[in-house]
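Commentary on secondary and tertiary structure
Residue strings, one per chain:
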Amino acid sequence: MTTRGVLYVHSAPRALCPHVEWAVAGVLGTRVSLDWIRQPAAPGTWRSEFSWQGQPAIASQLASALRGWQMLRFEVTAEPFATTEGERYSCTPDLGIFHAVTGVHGDILIPEDRLRAALVRSRTEETDLEAEVAKLLGKPWDDELEPFRHAGEGAPVRWLHQVV
């Protein structure tokens with residue numbers, strides 16, 4: 001069973017770009033050479049994106065391989081298929097990593113236990129329920145990444161397939 005997804009590297013310092021390629025190659029099991037372009041939203045950084053096809057676990061493996069670098073902003077998506085929901089990972093230097101399960105229409109699916117925990121936190125810790133739900137939906141990550149997403153519109157995309 002295979003799925004498809006996209007890795008968006010929204011910003012990386014030039015010196016980190018080869019390391020990103022090596023990490024992605026390690027996950028995919030094949031040599032990777034990404035097309036890097038300047039990221040206008042953060043001068044001095046570069047961006048790249050590519051589509052992949054392979055096992056559903058690739059999305060989490062890519063996110064795990066890239067999450068440790070403080071200067072890196074990225075997102076990884078995996079489309080849902082017959083037996084598995086989709087996924088989205090977002091990572092920023094300030095916020096760390098966010099993971100969401102996505103449905104067939106791209107909506108974020110929030111498990112019942114996480115909603116219940118948000119309700120409890122809003123009552124006992126005097127936090128706002130709206131803010132708790134916004135975190136569950138990844139709004140802080142979306143807010144931080146949105147300028148980087150717009151700056152990358154029209155960028156070339158390359159398909160990469162996992163070698164088995």
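Worth saying up front: this structure is predicted, and the values here are computed from it rather than measured. (Residues numbered from 1 in each chain as written. Predicted model: local features only at pLDDT ≥ 70, side-chain atom pairs only at ≥ 80, totals over all residues. Heavy atoms only, no water.)

Taken as a whole and assessed by the stated rule, the structure comprises one aromatic pair. Between Arg 14 and the ring centre of Trp 46, over which it is positioned, the NZ or CZ distance is 4.4 Å. (Phe/Tyr/Trp six-rings, centres within 6.5 Å; stacked < 30°, edge-to-face > 60°. Lys NZ or Arg CZ within 6 Å of the ring centre and 35° of its normal.)

One number sums up the size of the largest pocket: a volume of about 190 Å³. Secondary structure elements with two or more residues in the lining of the largest pocket: strand E1 (3-13), strand E4 (73-78) and strand E5 (86-92). Ranked by residues supplied to the lining of the largest pocket, first place goes to E1 with three residues. Taken together, the residues of the lining of the largest pocket sort by class into five nonpolar, seven polar and four charged. (1 Å grid on protein atoms, 1.4 Å probe; cavity = no way out; pocket = protein on both sides within 12 Å on 5 of 7 lines; lining within 4 Å. Points joined across faces, edges and corners; volume = space filled by probe spheres on them. Helix = DSSP H or I, 4+ residues; strand = E, 2+ residues; numbered from the N terminus. Nonpolar A, V, L, I, M, F, W, Y, C, P; charged D, E, K, R; others polar.)

Now for the packing of helix H3 (residues 112-124) against helix H4 (residues 129-136). Where H3 meets H4, the closest approach of the two axes is 9 Å, and the angle between their N-to-C directions is 150 degrees. For the crossing formed where H3 meets H4, the hand is right-handed. Contacts between H3 and H4 pair Arg 114, Leu 115, Ala 118, Leu 119, Arg 121 and Ser 122 from the former with Leu 129, Glu 132 and Leu 136 from the latter. Of the residues assigned to the contact of H3 with H4, the class counts are five nonpolar, one polar and three charged. (Axes fitted to C-alpha atoms, helices over the stretch in contact; angles between N-to-C directions. Left-handed = near helix turned anticlockwise from the far one by under 90°. Contact = heavy atoms within 4.5 Å.)

This part takes up the pattern of salt bridges. Scanning the model with the defined rule gives 12 salt bridges in all. Taking the shortest distance from any N to any O, the salt bridge between Arg 116 and Glu 112 comes out at 2.5 Å. With Arg 116 and Glu 112 both in helix H3 and four residues apart, this pair spans about one turn of that helix. Judged by its relative accessible area of 51%, Arg 116 falls in the exposed class. The closest approach of N and O atoms between Lys 135 and Glu 132, which form a salt bridge, is 3.7 Å. Taken together, the residues Lys 135 and Glu 132, both in helix H4 and three residues apart, mark about one turn of the helix. Residue Glu 132 is classed as buried on the basis of its relative accessible area, which comes to 4%. The network of salt bridges with shared partners includes Glu 75, Arg 88, Asp 142, Glu 146 and Arg 149. (Salt bridge = Lys/Arg side-chain N within 4 Å of Asp/Glu carboxyl O. Buried < 20%, exposed > 50% of the residue type's maximum accessible area, 1.4 Å probe, protein only.)

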